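In case you want the letters, here they are:
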Amino acid sequence: MFRDTIDGFVQNHMTPDFEKWEKEGKVDRAFFKAAAEYGFLGLTVGEQHGGMGLDDMYSLVLLEQMARHNMFGPALGICAHSYLAMNYLNHAANEDQKQRYLALSVTAEKIGCLAMTEPGAGSDLAALRTTAIKQGDHYIVNGSKTFITNGVYADYAVVAVKTDPNVGAAGVSLLIIDCNSEGYTTTKLNKLGIRSSDTAEIGLNNVKVPVENLLGEEGKGFYYMMESLQTERLSVAWLCVGSCLGVMDLTLEYIKSREAFGKPIAKIQVLRHKLAELQTEIDCTRALMYLATQRLAKGQNVVKEASMLKLKSAELFKTVTDECLQMFGGYGYMEEYKIARAYRDARVGTILAGSSEIMREIIAKMYIDGIEYNK
Ligand SMILES: Cc1cc2nc3c(=O)[nH]c(=O)nc-3n(C[C@H](O)[C@H](O)[C@H](O)COP(=O)(O)OP(=O)(O)OC[C@H]3O[C@@H](n4cnc5c(N)ncnc54)[C@H](O)[C@@H]3O)c2cc1C
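Each value, and the rule that gives it
Residues numbered from 1 in each chain as written. Predicted model: local features only at pLDDT ≥ 70, side-chain atom pairs only at ≥ 80, totals over all residues. Heavy atoms only, no water. UniProt positions renumbered as here; feature names shortened; annotations may be inferred. Near = heavy atom within 4 Å. Polar contact = N/O pair within 3.5 Å; in protein donor to acceptor, adjacent residues only side chain to side chain. Areas by Shrake-Rupley, 256 points an atom, 1.4 Å probe, with all protein chains shown as cover. 1 Å grid on protein atoms, 1.4 Å probe; cavity = no way out; pocket = protein on both sides within 12 Å on 5 of 7 lines; lining within 4 Å. Sits in = over half its atoms within 2 Å of the grid points. Helix = DSSP H or I, 4+ residues; strand = E, 2+ residues; numbered from the N terminus. Phe/Tyr/Trp six-rings, centres within 6.5 Å; stacked < 30°, edge-to-face > 60°. Buried < 20%, exposed > 50% of the residue type's maximum accessible area, 1.4 Å probe, protein only. Domains from an automatic or database assignment. Contact = heavy atoms within 4.5 Å. Buried area = accessible area lost by both parts, 1.4 Å probe. Salt bridge = Lys/Arg side-chain N within 4 Å of Asp/Glu carboxyl O. Core = buried A, V, L, I, M, F, W, Y, C linked by side-chain atoms within 4.5 Å.

- Going by the annotation in an unreviewed UniProt entry, the name recorded for the chain is Isobutyryl-CoA dehydrogenase, mitochondrial, with Notodromas monacha given as the source organism.
- Per UniProt, the chain has the following entry under Cofactor (unreviewed entry): "FAD".

1. Thoughts on the site of the ligand
- Among the 18 residues in the neighbourhood of the ligand, the closest are listed as T117, S123, F147, S355 and E357.
- L114 is positioned such that a nitrogen or oxygen atom in its backbone is 2.8 Å from a nitrogen atom of the ligand.
- In the model, an oxygen atom of the ligand is placed 2.7 Å from a nitrogen or oxygen of the E357 side chain.
- Relative to its free-state accessible area of 970 Å², the ligand is covered by the protein chains to the extent of 64%.
- In a pocket analysis with a 2 Å cut-off to the grid points, the ligand is assigned to the largest pocket.
- For the shell around the ligand, the elements supplying multiple residues, two or more each, are β1 (112-115), β3 (138-149) and α11 (356-367).

2. So, the packing of aromatic side chains
- The final tally for this structure, using the stated rule, is 16 aromatic pairs.
- Between F9 and Y38 the ring centres are 5.0 Å apart and the planes differ by 70°, which places this aromatic pair in the edge-to-face class. Residue F9 is found in helix α1 (residues 2-13), and its partner Y38 is found in the loop between α3 (29-37) and α4 (56-67); the two are separated by 29 residues along the sequence.
- Under the relative-accessibility criterion, F9 is labelled buried at 0%.

3. With respect to the UniProt feature "domain: Acyl-CoA dehydrogenase/oxidase C-terminal" (unreviewed entry) in the chain
- Listed under "domain: Acyl-CoA dehydrogenase/oxidase C-terminal" (unreviewed entry) in the UniProt record, and renumbered for this structure, are residues 219-365.
- The span residues 219-365 shows a helical share of 75% and a strand share of 3%, and its end C-alpha atoms are spaced 25 Å apart.

4. With respect to unusual backbone geometry
- Positive phi is not limited to glycine here, since N70 has a value of about 60°.
- For N70, the location among the structural elements is in the loop between α4 and α5 (72-92).
- One non-glycine residue, N150, lies in the positive phi region at around 70°.
- Tracing the sequence through the fold places N150 in the loop between β3 and β4 (156-162).

5. A few points about the UniProt feature "domain: Acyl-CoA dehydrogenase/oxidase N-terminal" (unreviewed entry) in the chain
- Sequence positions flagged by UniProt for "domain: Acyl-CoA dehydrogenase/oxidase N-terminal" (unreviewed entry) are, in local numbering, residues 1-103.
- As annotated, residues 1-103 comprises 68% helix and 0% strand, and the C-alpha atoms at either end are separated by 26 Å.

6. Looking at the domain arrangement of the chain
- Segmentation of the chain into domains returns domain 1 (2-111), domain 2 (113-217) and domain 3 (222-367).
- In this complex, domain 1 contributes 30 residues to the contact, which on the side of domain 2 involves 24 residues.
- Roughly 2,100 Å² is buried in total at the junction of domain 1 and domain 2, and carbon and sulfur atoms are behind 59% of that figure.
- Per-residue buried area on domain 1 facing domain 2 is highest for Y88, Y101 and I111; these three make up 27% of the total on that side.
- For the interface between domain 1 and domain 2, the tally reads 1 salt bridge.
- R29 serves as the salt-bridge partner of D155, at 2.5 Å between the closest nitrogen and oxygen.

7. Let's talk about the nonpolar core
- Core analysis: the biggest nonpolar cluster contains 97 residues, and L62, M66, Y88, L89, L215, M225 and V320 have the highest contact counts within it.
- Ranked by residue count, the leading element in this core is helix α7 (residues 221-257), at 17 residues.
- What L62 contacts, discounting residues up to four positions off in sequence, is F2, I6, F40, L43, I78 and Y83.
- Residues A115, A157, V161 and I177 belong to the second largest nonpolar core, which totals 19 residues.

Structure below.
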């Protein structure tokens, strides 16, 4: 039922404009508005803030089913708004901030982005150099952020800053910054894939941010990040697994219709076995994803599972698009075939929201060294 609603949304509000968005490098704002009207932007937000108050399983279904239609860019836009930016507000914002930002995000009156990565600090976020120095009732923010999804078109950014530049992780805080603030600039970045997803570099030059926009407590930014990263990483897994299913749908249809040596290529054993193997891997990953999301919904710690799923689903998306493109032969290399775009789009999965190497590092520390990451 919910999946049918999502399919209807995709058909009416994504498919008609998708090619235009890919060319323009952004989705229309009307896309977010339509998603809000379907209730998609506030699934896990409490009813008192205009949301649905549902558990994380609904979010899984939303992103998985949306991604299954092979339009990764707009699906990532929703993901960055709802499960990156809004997720922080939902967990760490006070009531005033929830009224000013979270409630307006549910209705798409405000679009959000999450700005952690800097030109000199990606995997190693404790090394971030953007500073926020308190002066009276404002912070003065200086620095830059890069690779920020929804960066150009967002109305507010949840930004990681150093309120105490003399210490590492303990000096990190989070600020909500209005993107129309003086000294806040954006530059759109040109990418290999997910072209309809807007990605930007953000400049922060003496930006004045009222102290009321500090998220949670000063110096606790890293703690909030660790807490939210589980949802962030699972949300990327929801997208990647959905995308794998979408690519398999395309491939199945193609190999049944394409003939070689007098029969559909779907009858060629080596291709059949390859697809069977890929589907097995997808189903196994999907099973863990459902289990981990159920645990997340119950408030349990899923740092290990979220890291494993981010790693496995993103690597699998890359493998599936590569193997499936091969089954399309020369047509797979042509832009008018969706598989070509999926191949480009898949490449980002192992990089964003924590690279595969960082995921392996976290899993190894937990599994080999017995380290526990309590959220
Ligand atoms: C399209 C796109 C959208 C993005 N959206 C956002 C967003 O909305 N918000 C945001 O804040 N960021 C975003 N990012 C940034 C993304 O999270 C970072 O690119 C990622 O965390 C890696 O950081 P980096 O690019 O600085 O690479 P680096 O940290 O410089 O790493 C370079 C390479 O070294 C490896 N490496 C680094 N440290 C280790 C280690 N200890 N062990 C093994 N290998 C290591 C990495 O895995 C990588 O392969 C986005 C990136 C892209 C490409």
